[in-house]
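Letter by letter, the chains look like this.
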Amino acid sequence: MESKKSIRRLVQERKDVLTKDERENLDNIIFDKVINSYDYKNSHTIFIFVSYNNEVDTHKIIEQALRDKKILCVPKIISKEEGMDIVQIKSFQDLKEGAYGILEPADSELKIEEKNIDLSYLPGLAFDRRGGRVGYGGGFYDRFLLKTRKNSKKIGLAYKFQVFPEVPMEEHDVFIDGIITD
Ligand SMILES: Nc1ncnc2c1ncn2[C@@H]1O[C@H](COP(=O)(O)OP(=O)(O)OP(=O)(O)O)[C@@H](O)[C@H]1O
Ligand SMILES: [Mg+2]
């Protein structure tokens, strides 16, 4: 099995090769699958990461979820030690560029308890079919997932080339329930 480090490098290289048109095409396929999914339709409170750079686009999903009157919440990074707050947004305009250039809520005024989340859409660099997930190495999402309800749904969003036969999972890594890909 590849190490997390080598898998992260491999995926980043493949992502860099996608053209803007190819990316848009794959993002549209993923968008349609998300919006038409049973989980999406039957969830009231939804958590989703805000895509940055070459991640699967979530901006369109966020706009649609707001139109669909979901309670929609996104991460706001507090610090490496404290992790992230989960904050509701009511408009895409509530998002501002944070410390790492990633769009996030300006403050934690509309903070949501992790226990109230029905469905979470997670980023990652690599996934497998057992629910294994490798992120960027911050441990932010692993710590977040520990606080969510056992029966809440945890779904990764990824391009097909990010799915491996098996990714390395450590003691602190949280398995997820599924992946939506192109
Ligand atoms: N539940 C936890 N409690 C304390 N520290 C944790 C926990 N989960 C992860 N960490 C810390 O985060 C570090 C990075 O973990 P890992 O390599 O699994 O990140 P990742 O899954 O790629 O990141 P992310 O979860 O943000 O997508 C770990 O070495 C560990 O120090
Ligand atoms: Mg992890």
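What counts, and at which threshold
Residues numbered from 1 in each chain as written. Chains lettered and ligands numbered in written order. Predicted model: local features only at pLDDT ≥ 70, side-chain atom pairs only at ≥ 80, totals over all residues. Heavy atoms only, no water. Near = heavy atom within 4 Å. Polar contact = N/O pair within 3.5 Å; in protein donor to acceptor, adjacent residues only side chain to side chain. Areas by Shrake-Rupley, 256 points an atom, 1.4 Å probe, with all protein chains shown as cover. Helix = DSSP H or I, 4+ residues; strand = E, 2+ residues; numbered from the N terminus. Nonpolar A, V, L, I, M, F, W, Y, C, P; charged D, E, K, R; others polar. Donors = N, O, S within 2.8 Å, 3.2 Å for Na, K, Ca; no water. Buried < 20%, exposed > 50% of the residue type's maximum accessible area, 1.4 Å probe, protein only. UniProt positions renumbered as here; feature names shortened; annotations may be inferred. Contact = heavy atoms within 4.5 Å.

**Some words on the site of ligand 1**
Lining the immediate surroundings of ligand 1 are 15 residues, of which Arg8, Arg133, Gly137, His172 and Asp173 lie closest. Contact distances for ligand 1 include 2.8 Å between an oxygen atom and a side-chain N or O atom of Arg133. Expressed as a share of its isolated accessible area of 650 Å², the protein-covered part of ligand 1 is 71%. If you list the elements that add at least two residues to the shell around ligand 1, you get helix H1 (4–17) and helix H5 (140–146). No other element matches the five residues that H5 contributes to the shell around ligand 1. Of the residues assigned to the shell around ligand 1, the class counts are four nonpolar, five polar and six charged.

**A word on the coordination of the magnesium ion (ligand 2)**
Ideal geometry at a metal centre gives angles of 109.5 degrees when four donors are arranged tetrahedrally and 90 or 180 degrees when six donors are arranged octahedrally. Within the first shell, the magnesium ion (ligand 2) binds the protein through Asp142 (OD) and Asp173 (OD), at distances of 1.9 to 2.0 Å. Placement of Asp142 in helix H5 and of Asp173 in the loop between strand E10 (163–164) and strand E11 (178–180) is noted, with a sequence separation of 31 residues between them. Take Asp142 and Asp173: they sit in the same class, and that class is buried.

**As for the UniProt feature "binding site: substrate" (unreviewed entry) in the protein**
Look at the UniProt record and you will see "binding site: substrate" (unreviewed entry) annotated at Val50 and Glu55. Inspection of the secondary structure assignment puts Val50 in the loop between strand E1 (45–48) and helix H4 (59–67). With relative accessibility at 5%, the residue Val50 sits in the buried group. Leaving out residues up to four positions away in the same chain, Val50 has contacts with Glu55, Thr58, His59, Ile62, Val74, Pro75, Leu95, Ile102 and Leu103. Looking at the secondary structure, you find Glu55 in the loop between E1 and H4.

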